[in-house]
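What follows is the residue order along each chain.
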Amino acid sequence: MSKPKLRPEWLLSLAPEFDKAYMRGLRAFLLERKRAGAEIYPPGPRIFNALDSTLPQNVRVVILGQDPYHGPGQAHGLCFSVRPGIAVPPSLVNIFKELHADLGVQVPSHGNLQHWADQGVLLLNPVLTVERGQAGAHQGKGWEQFTDRVIEVVDREGPPKVFMLWGRQAQRKGENIDQTRHLVLSAPHPSPLSANRGFFGCRHFSKANQWLESQGLDPVDWCLPD
């Protein structure tokens with residue numbers, strides 16, 4: 001955190017954030033928790049993986065998550081995604097079910113969404129760190145302000161984009177997106193607790209691709225190679 005290892009393309013807009021009071025407070029909080037022996041996810045080099053994987057000029061779709069996964073080995077800096085070899089979490093299982101129903105995409109054998117990120121899908125959690133076994137442990141510590149700034153940059157710069165807002169937290173996070181420029185798609189969260197309330201059948205993947213093509217932009221290949 002003392003020297004953010006962000007790509008230069010992001011630092012053009014985000015570097016000033018690291019000198020602000022909220023970020024200094026966040027840095028102090030994370031150091032304090034580490035000294036107390038807390039196991040923080042994702043590992044330090046992966047905290048900004050969403051930004052490292054998808055440069056601002058390449059963003060075509062934004063998917064907002066919530067917190068990183070709080071189980072060992074799960075979180076690697078992309079919302080909803082897990083590394084190969086890690087069991088696919090229930091929310092991602094439901095995302096794959098909707099993707100298959102919408103586009104006929106074969107359900108993959110893993111939950112690594114890096115292929116989406118490499119194509120310009122910004123997989124952003126509003127809060128970028130968590131502690132083992134403690135969902136929401138780092139909420140309200142400053143990450144929300146930082147990711148608000150990320151969304152402002154993506155909203156303002158570059159070509160029109162698709163924003164997928166799943167669940168109330170993501171929808172609140174996206175309240176200020178310019179809907180005259182971008183396509184904003186909202187649905188309940190894909191969690192088993194809410195997926196049956198409208199996430200299933202939302203067809204966001206096909207709607208996103210249709211809209212991108214209408215803007216003269218390439219669609220996303222939502223298939224995940226094994």
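So, how was this worked out
Residues numbered from 1 in each chain as written. Predicted model: local features only at pLDDT ≥ 70, side-chain atom pairs only at ≥ 80, totals over all residues. Heavy atoms only, no water. Axes fitted to C-alpha atoms, helices over the stretch in contact; angles between N-to-C directions. Helix = DSSP H or I, 4+ residues; strand = E, 2+ residues; numbered from the N terminus. Parallel < 35°, antiparallel > 145°, perpendicular 65-115°, else oblique. Contact = heavy atoms within 4.5 Å. Nonpolar A, V, L, I, M, F, W, Y, C, P; charged D, E, K, R; others polar. Expected span 1.5 Å × (residues − 1). Buried < 20%, exposed > 50% of the residue type's maximum accessible area, 1.4 Å probe, protein only. Pairing = 2+ DSSP bridges.

Engineer: For the packing of helix H4 (residues 90-103) against helix H8 (residues 204-214), give the residues involved together with the corresponding values.
Structural biologist: For the pair H4 and H8, interaxial distance at closest approach is 8 Å and the crossing angle is 55 degrees. As the angle between them shows, H4 and H8 are arranged oblique. Residues Ile95, Glu98, Leu99, Asp102 and Leu103 of H4 form the contact with H8, whose own contacting residues are His204, Phe205 and Ser206. For the contact of H4 with H8, the per-class residue count stands at four nonpolar, two polar and two charged.

Engineer: Go over helix H6 (residues 143-156), please, and point to the residues and values.
Structural biologist: Two residues of an α-helix separated by three or four positions point the same way, owing to the 3.6 residues in each turn. With 14 residues, H6 extends 20 Å from end C-alpha to end C-alpha; this agrees with the ideal 20 Å at 1.5 Å per step. When we look at burial in H6, the residues that qualify are Trp143, Phe146, Thr147, Arg149, Val150, Ile151, Val153, Val154 and Asp155. Two residues or fewer after H6 comes Gly158, characterised by a positive phi angle close to 80 degrees.

Engineer: Now, about the pairing of strand E6 (residues 183-187): what can you tell me, with residues and values included?
Structural biologist: Of all five residues that make up E6, four are buried, and the element is covered over most of its length. As paired elements, strand E5 (residues 162-166) and E6 share five bridges and run parallel to each other. Counterpart to Trp166 in the pairing with E6 is Ala187.

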